[in-house]
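Topology and contacts: notes
As a plain string of letters, each chain reads:
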Amino acid sequence: MGVNKAWRFSVILANLALLQQQNGNHSPSRRGGKHHHHQHQHHHHSHNEWWRRWRSSATQQRRKIPWSLVCGLMLFILGLISLFTGHVASDLEWYSQRLVKHNLGRLRREPIDKWKSKYSNFFYGCSERGRNFAPAKHERSSNGYLLIAASGGLNQQRTGITDAVVVARILNATLVIPELDHHSYWKDDSDFVNIFDVDWFISYLAKDVTIVKRVPDKFMRSMEKPPYTMRVPRKSPPEYYIDQVLPILLRRRVVQLTKFDYRLANNLDDEQLQKLRCRVNYHALRFAKPIQDIGQRLVMKVRKMAKRFIAIHLRFEPDMLAFSGCYYGGGEKEKFELGEIRKRWATLPDLSAEEERARGKCPLTPHEVGLMLRALGFANDTYIYVASGEIYGGEDTLRPLKELFPNFYTKEMLANEELKPFLPFSSRLAAIDYIVCDESDVFVTNNNGNMAKILAGRRRYAGHKRTIRPNAKRLSALLMERDKMDWDTFAKKVKSCQRGFMGEPDEMRPGRGEFHEYPSPCICEKPFSNDGSSNDEAHLLEQAPMNSKAKVPSKYMEEKQSEKRPLRSEKRSTREEPASLREMEDVQNFPD
């Protein structure tokens, strides 16, 4: 009970006990009245007899003390102790919170290491299968075969493949290797086997989901009807698949889900299913050997020239700019060209270029990206790898970035003849860029598209490798005013804008954004190291958002010798973003 209740209860019991005692002592005794005169007459009894009777009477009185009085007194004392300790604990908590806020304010002012988070070593990816996660159903005992038709570019299809495995697990179905999209904007006819290592994919997930390359011919010939085809709503919860898809699967035995991208809910209550997502995305989906080999060769070439390098996903292609509805000062020519491309998405609303830029929805130009990086402290001799397709404006658009960073490279510059077999296939080229960006020391995104999200989540899973996402909303306004201030002032303001957008561990908030970008159930904290520096506690204060900051120091000290465990935190509400084309039902795909 609370301190106040315990205090009141103890006082009431003590008073009741005292009243009972008083009533017992003042009750009249007729027998004593009758013999009073007789006792007076026999006053000659000895003093010893009087003393014996007095002691007997006192003993009887002591034996009549009720237990309610004793309990009341004990509770009264406990109430005093609770009241005192409660005030002390409250004061200690208040002072500890003040200390935490003071330390956080001091730490927030410290400069950020532009190459690597000094706190990244305290976290690691954890997606191991739980002990109670039942083994996969065998093909013959499963509920049927699940066919998947992915949609979009490489990374959008990657999310669909990841979610398809989880859906097959929910339905206890046998998953058939997903069919990739051959009809989207990119017109790439690559199949799953051309991009991913299909045998590794099947074997790695064998304990989670049974996966086959095709439905057995004998089974297909025995079917009375062709596979049932359906499309589920965006971000459907597991209950939808159980209620709407499973009955059809049990009846027809083969079901095909079309345009399967972002068709599974972002937040799943079952943490084991979220970890399965991570196992698929970060382990099972390994690129095919030809893609993996050329990607690693490009990384080695850059490493021979520089110990560290930056990879930039510029995403300044014509389709992206047309989709964004932004304007970059190219006059009527730009408006006409991008307007014609924009017609490919019939459902896009009319947008104000000025309003979109003010909202931070416009990709930065290559020049603006270069200015941001120089302001963050990256020197002129830093090596950069640019992952991009056709840049709108060509060499004229790239020239300012090359002047800021002369050590400028692309896959075309590094691979030469090796790249020719891949040139007709946009998804395979994107896979090569993916490998180099993943291996880079710093990854810079320039939009919030699929590749940016997927790589950001993967790098967080790999230990919070430095990932910089421009705070476009604040930077856009600052860049428009850059001619009105000196360089030092501009650089200081850029660094201020970018706090919270540098890939630090404290940017991980469960429930925030897409799971593929913020895979919080798959990020664990390492046990506290006894040989850590004296700044370890300060580090823990800085990394507190995934837990209550006021409790961080003591929590970590108590967990020094504990086993590794997933991070836990208070639920935070998901930040709603303005509706985009990708979130609409049955529309064409957001540029990858």
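The rules we used
- Residues numbered from 1 in each chain as written.
- Predicted model: local features only at pLDDT ≥ 70, side-chain atom pairs only at ≥ 80, totals over all residues.
- Heavy atoms only, no water.
- UniProt positions renumbered as here; feature names shortened; annotations may be inferred.
- pLDDT = per-residue confidence, 0-100.
- Contact = heavy atoms within 4.5 Å.
- Pairing = 2+ DSSP bridges.
- Helix = DSSP H or I, 4+ residues; strand = E, 2+ residues; numbered from the N terminus.
- Axes fitted to C-alpha atoms, helices over the stretch in contact; angles between N-to-C directions.
- Core = buried A, V, L, I, M, F, W, Y, C linked by side-chain atoms within 4.5 Å.
- Buried < 20%, exposed > 50% of the residue type's maximum accessible area, 1.4 Å probe, protein only.
- Domains from an automatic or database assignment.
- Patch = residues over 30% accessible without salt bridge, like charges linked within 9 Å, V, L, I, M, F, W, Y side chains within 5 Å.
- Areas by Shrake-Rupley, 256 points an atom, 1.4 Å probe, with all protein chains shown as cover.
- Salt bridge = Lys/Arg side-chain N within 4 Å of Asp/Glu carboxyl O.
- Parallel < 35°, antiparallel > 145°, perpendicular 65-115°, else oblique.
- Left-handed = near helix turned anticlockwise from the far one by under 90°.
- Nonpolar A, V, L, I, M, F, W, Y, C, P; charged D, E, K, R; others polar.
- Disulfide = S-S within 2.5 Å.
- Phe/Tyr/Trp six-rings, centres within 6.5 Å; stacked < 30°, edge-to-face > 60°.
- Lys NZ or Arg CZ within 6 Å of the ring centre and 35° of its normal.
- Expected span 1.5 Å × (residues − 1).

In the annotation of an unreviewed UniProt entry, the entry for the protein chain reads O-fucosyltransferase family protein, and the organism field reads Hevea brasiliensis. Within the UniProt record for the protein chain, the comment given under Sequence similarities (unreviewed entry) is "Belongs to the glycosyltransferase GT106 family."

So, the confidence of the model for the protein chain
As a general rule, the predicted coordinates of low-pLDDT regions are not to be interpreted in detail. The predicted model of the protein chain averages 80 in pLDDT, with 71% of residues at 70 or higher. Here residues 25–47 is modelled with pLDDT under 50, and outside its nearest four sequence neighbours on either side it reaches 0 contacts, counting other chains as well.

Here's the deal with the sheet that holds strand E4 (residues 211–212)
Strand order in the open sheet made by the 5 strands is E4-E3-E2-E6-E5, with parallel pairing throughout. Here the strands that pair on one side only, and so sit at the sheet edges, are E4 and strand E5 (228–230). In terms of strand pairing, strand E3 (residues 174–176) meets E4 through 2 bridges, oriented parallel. Note on E4: the bridge partner recorded for Leu 175 is Ile 211. Sheet contacts for helix H10 (residues 238–252): strand E2 (145–150), E5 and strand E6 (254–260); angle to E6, the most-contacted strand, approximately 135 degrees.

A few points about the sheet that holds strand E11 (residues 467–468)
Spatially, 5 strands are ordered E9-E8-E7-E10-E11 in an open sheet, and the strand pairing comes out parallel. Whereas interior strands pair on both sides, the edge strands pair on one side only; in this sheet they are strand E9 (408–409) and E11. Across 2 bridges, the pairing between strand E8 (residues 383–387) and E9 is parallel. Bridge pairing in E9 places Tyr 385 opposite Tyr 409. Against the sheet, helix H16 (residues 366–375) contacts strand E7 (309–313), strand E10 (442–445) and E11, and its axis sits at roughly 140 degrees relative to E10.

Re the environment of Glu 128
Tracing the sequence through the fold places Glu 128 in the loop between strand E1 (123–125) and E2. Linking Glu 128 and Gln 272, residues 144 residues apart in sequence, is a C-alpha distance of 8.9 Å. With sequence-adjacent residues up to four places away left out, Glu 128 is seen in contact with Gln 272, Lys 275 and Arg 279.

Thoughts on the nonpolar core
Nonpolar side chains in soluble globular proteins tend to end up buried together. Phe 201 and Leu 257 are the most contacted members of the largest nonpolar core, which totals 72 residues. The greatest single-element share of this core, amounting to 9 residues, is contributed by helix H6 (residues 154–171). The residues that make up this core include at least three from each of domain 1 (139–283) and domain 2 (289–525). Ignoring anything within four residues of it in the chain, the contact list for Phe 201 reads Ile 161, Val 165, Ile 177, Phe 192, Ile 211, Val 280, Ala 284 and Leu 285.

So, a nonpolar patch on the surface
Judged by side-chain polarity, Ile 77, Leu 78 and Ile 81 come together as a nonpolar surface patch covering roughly 280 Å² of accessible area. For Ile 77, the position within the fold is in helix H5 (residues 67–108). The exposure class of Ile 77 is partly exposed, given its relative accessible area of 49%.

Considerations on the packing of H6 against helix H11 (residues 271–284)
Axes are the key here: two packed helices are described by the angle between their axes and the distance separating the axes. The geometry of H6 relative to H11 is characterised by a closest axis approach of 9 Å and an angle of 135 degrees between their N-to-C directions. Judged on the interaxial angle alone, H11 and H6 are oblique. The two elements H6 and H11 meet at a crossing, and its hand is right-handed. On H11, the residues touching Arg 158, Ile 161, Thr 162, Asp 163, Val 165, Val 166, Arg 169 and Ile 170 of H6 are Leu 273, Leu 276, Arg 277, Val 280 and Asn 281. For the contact of H6 with H11, a count of residues per class yields 7 nonpolar, 2 polar and 4 charged.

Points about the state of the cysteines
Taken as a whole and judged by the stated rule, the model has 3 disulfides. Note on cysteine connectivity: Cys 126 is disulfide-linked to Cys 524, with sulfurs 1.8 Å apart. In this structure, the disulfide formed by Cys 126 and Cys 524 twists by about 80 degrees around the S-S bond and is classed as right-handed. Pair noted here: Cys 126 is in the loop between E1 and E2 and Cys 524 is in strand E12 (residues 523–525), with a separation of 398 residues, a long-range link. No difference in accessibility class separates Cys 126 from Cys 524, as the two residues are buried. When the bonded cysteines of the protein chain are numbered from the N-terminus onward, they pair as 1-6, 2-5, 3-4.

What to know about the packing of H11 against helix H20 (residues 450–461)
Relative orientation of the contacting elements H11 and H20 amounts to 95 degrees, with a least axis distance of 11 Å. The orientation of H11 with respect to H20, classified from their angle, is roughly perpendicular. Side by side, H11 and H20 meet where Cys 278, Asn 281, Tyr 282 and His 283 of the first sit next to Ile 454, Gly 457, Arg 458 and Tyr 461 of the second.

Digging into the packing of aromatic side chains
One pass over the full model with this rule turns up 13 aromatic pairs. In this arrangement the basic side chain of Arg 169 is found over the ring face of Phe 133, its NZ or CZ atom lying 3.7 Å from the centre. The ring of Tyr 327 carries the charged tip of Lys 335 above its face, separated from the ring centre by 5.0 Å.

Concerning H20
Its 12 residues place the ends of H20 17 Å apart at the C-alpha level, agreeing with the 16 Å of an ideal helix rising 1.5 Å per residue. Taking burial as the measure, the 12 residues of H20 include 11 buried ones, the bulk of the element. For H20, the set of buried residues is Asn 450, Met 451, Ala 452, Lys 453, Ile 454, Leu 455, Ala 456, Gly 457, Arg 459, Arg 460 and Tyr 461. Trailing H20 by a residue or two, Gly 463 shows a phi angle of about 110 degrees, which is positive.

Quick word on the pattern of salt bridges
Using the criterion set out here, one finds 28 salt bridges in the structure. One salt bridge in this structure joins Glu 507 and Arg 460, with 3.8 Å as the shortest N-O distance. Of this pair, Glu 507 sits in the loop between helix H22 (487–497) and E12 while Arg 460 sits in helix H20, placing them 47 residues apart in sequence. What makes Arg 460 buried here is its relative accessible area of 6%. Residue Glu 504 is joined to Arg 466 by a salt bridge in which the shortest nitrogen-to-oxygen separation is 2.8 Å. Residue Glu 504 is located in the loop between H22 and E12, and its partner Arg 466 is located in the loop between H20 and E11; the two are separated by 38 residues in the primary sequence. Bridged by salt links that share partners, the residues Arg 129, Asp 208 and Arg 279 form one connected network.

Observations concerning H6
For H6, with 18 residues, the first-to-last C-alpha span of 26 Å sits near the 26 Å given by 1.5 Å per residue. The element H6 is extensively covered by neighbouring structure, given that 18 of its 18 residues are classed as buried. Two residues or fewer after H6 comes Asn 172, characterised by a positive phi angle close to 55 degrees.

Considering the pairing of E7
For E7, the buried fraction is high: 5 of the 5 residues fall into the buried class. Here E7 shows a buried face lined by Phe 309, Ala 311 and His 313 and a second buried face lined by Ile 310 and Ile 312. Sheet topology note: the E7/E10 ladder contains 4 bridges and is parallel. Looking across to E10, one finds that Ile 310 is bridged to Val 442.

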